[in-house]
Amino acid sequence: MDKPEYKQFSELEKKMRLVVCTHNKLEKGNLSTDALAYVKRDGKANACYKVYTSEFCGGHSFWMHEIGHILLEHLNFEDKTNSQVFNKLMGTWKSFSKYISFTPENENQTMLSLINLLKNYAMDMEVNSKIFDKDEEAFLIEDMNQAIYKRLSYIVKNRLEGWSEINRRLERFNYQKRHNSKAILVTPVFAENYSFPRGLSWRQYIDLIILAPDMVMPQICEKLRTEQEEFIEKTGKLPAEVIIKAAKNQDMVLAEVLSSTVGKGSRKSRGITMNFAIQRLGPEVRSFITERALDKTEDNRTDYLYLANRGKSDGILRGKSVEHSDYTQGNIYVIVDTSGSVETERLAQLLGLFSEIKSSVGQQSKVIFWDTDLQRIDSLRDGINRIPLGRGTDIAPAISYTAGRFCSENDKIFIISDYYDCLDKWLTEVKKLRCPCYGICWTDKGNEVSYLNKEDFDAFCREVETLFVEL
């Protein structure tokens, strides 16, 4: 079904007849950071405007959004509004500044940069709640994601700066899209993402934001920490340089796509055990681990915010995107079968893939070595000293032990074994879990796996998504 026209489009066109405005196409420029669309004054002393949109922008969404900034007078009286927000922010600056690293010499500059960010969050909230009706938000999201996808694909196709990293992001997005038709790159910022009412002025949204610094600032810091890791200090605060760069220079931050499982803490859909057999410990194994260890679920209220980095400076509003999730990454618990059927060097290589993502998972993540009983527990963050050697296999108690002692709904369990065990007992314990569980099975045959009972083996693999790796 074709997308219907936005209800307010015709009315906006009529209003724009009273405004001196030109519509211009953006030069490609630095495609990885430049804006997809923005509006600026055509001269400081008059009411003339220039709206710029990229060739990747389709539909009316971007045009309407920038028109909204004009009609809602967001480009007017910038110095005065900055001063007003500055005065408001001063009263709660201590609550905001605890998230930011700065020196006494650049404190004022940091505050002004933060004001730019907060103003643009608030202005986007006003535009997207007044220009677009509630039932039109899906169309706005669709247009934005199509434009971003086209631009990123263009960068990859033409091998432009940063294309390899962007290609990895697109590959991850395409993978998620195959499993979830609703997967998206980013979405606009909507007032309701902050539990704010629709239809307020940007000044009212600023007031609400300033009343809740401990809600807003972690969201800003979380994404910018992901995208600007080279600037982050060990304190975990957000350096002033990052805020300045975000407020004035950054654009569409390339959002990671989050997976879509069926609910908070629920296991993935059944019957998706991967085919035999992955050759050695190549990129497929790394992808299997990463995409499942870092999964986030819709019911965790993941918010993708088309917010700040929309720096308003020198009379220009730049379109920005930032992905945010209020989801807290859970821990992963890796149960390792140490019965001796797999060489320790091979196990070490596989555990090394888990170590690669240790900074991206919960701090309490652990590796649990088990044969017929517990041998040792290592912290994934602190590192694995050695792999103990055991005898025999009885992994069902390991699943029960891990679930009872450690696991919450946000956590994930990985079982590494040759599956040569009583899998009916494994399955009994897995069905009690509140968190997702995945398997990595070592096999010494190209199209077969050693097992004690084929029926039990098939039942377990229907329940637990398993990757098969050749010995």
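Because the structure is predicted, anything quoted here is derived from the model rather than measured.

Rules of the game
- Residues numbered from 1 in each chain as written.
- Predicted model: local features only at pLDDT ≥ 70, side-chain atom pairs only at ≥ 80, totals over all residues.
- Heavy atoms only, no water.
- Buried < 20%, exposed > 50% of the residue type's maximum accessible area, 1.4 Å probe, protein only.
- Helix = DSSP H or I, 4+ residues; strand = E, 2+ residues; numbered from the N terminus.
- Axes fitted to C-alpha atoms, helices over the stretch in contact; angles between N-to-C directions.
- Parallel < 35°, antiparallel > 145°, perpendicular 65-115°, else oblique.
- Left-handed = near helix turned anticlockwise from the far one by under 90°.
- Contact = heavy atoms within 4.5 Å.
- Nonpolar A, V, L, I, M, F, W, Y, C, P; charged D, E, K, R; others polar.
- Pairing = 2+ DSSP bridges.

J.: Would you mind going over helix α2 (residues 61-71) in detail, with residue names and values included?
T.: Most of α2 sits out of view: 10 of its 11 residues are buried. When α2 is considered as a whole, its buried residues turn out to be Ser61, Phe62, Trp63, Met64, His65, Glu66, Ile67, Gly68, His69 and Ile70. A positive backbone phi angle near 60 degrees is found at glutamate 73, which sits one or two residues after α2.

J.: I'd like to hear about the packing of helix α5 (residues 137-157) against helix α6 (residues 163-179), residue by residue, with values.
T.: Pairs of packed helices are described in terms of their axes, by the angle between the two and the distance that separates them. Contact pair α5 / α6: the axes reach a minimum separation of 9 Å and the direction vectors enclose 130 degrees. Judged by the inter-axis angle, α5 sits oblique to α6. Seen from above, α5 lies across α6 with left-handed handedness. Contacts between α5 and α6 pair Tyr149, Leu152, Ser153, Ile155 and Val156 from the former with Trp163, Ile166, Asn167, Leu170, Phe173 and Asn174 from the latter. A breakdown of the residues in the contact of α5 with α6 according to their chemical character gives 8 nonpolar, 3 polar and no charged.

J.: Explain the sheet that holds strand β13 (residues 412-417) residue by residue, including any values.
T.: Hydrogen bonds between backbone groups are what pair the strands of a sheet, and the pairing can be parallel or antiparallel. Taken in spatial order, the 6 strands line up as β12-β11-β10-β13-β14-β15 in an open sheet, and their pairing is mixed. Of all strands in the sheet, those bounded by a partner on one side alone are β12 (374-379) and β15 (465-470). Within the sheet, the average angular offset between the axes of one strand and its neighbour, ignoring direction, is 15 degrees. As paired strands, strand β11 (residues 366-370) and β12 are joined by 5 bridges and run antiparallel to one another. From the neighbouring strand, tryptophan 370 faces β12, where its bridge partner is leucine 374. In the packing of helix α11 (residues 344-355) onto the sheet, contacts are made with β10 (332-337), β11, β13, β14 (437-443) and β15, and the angle to β10 comes to roughly 175 degrees.

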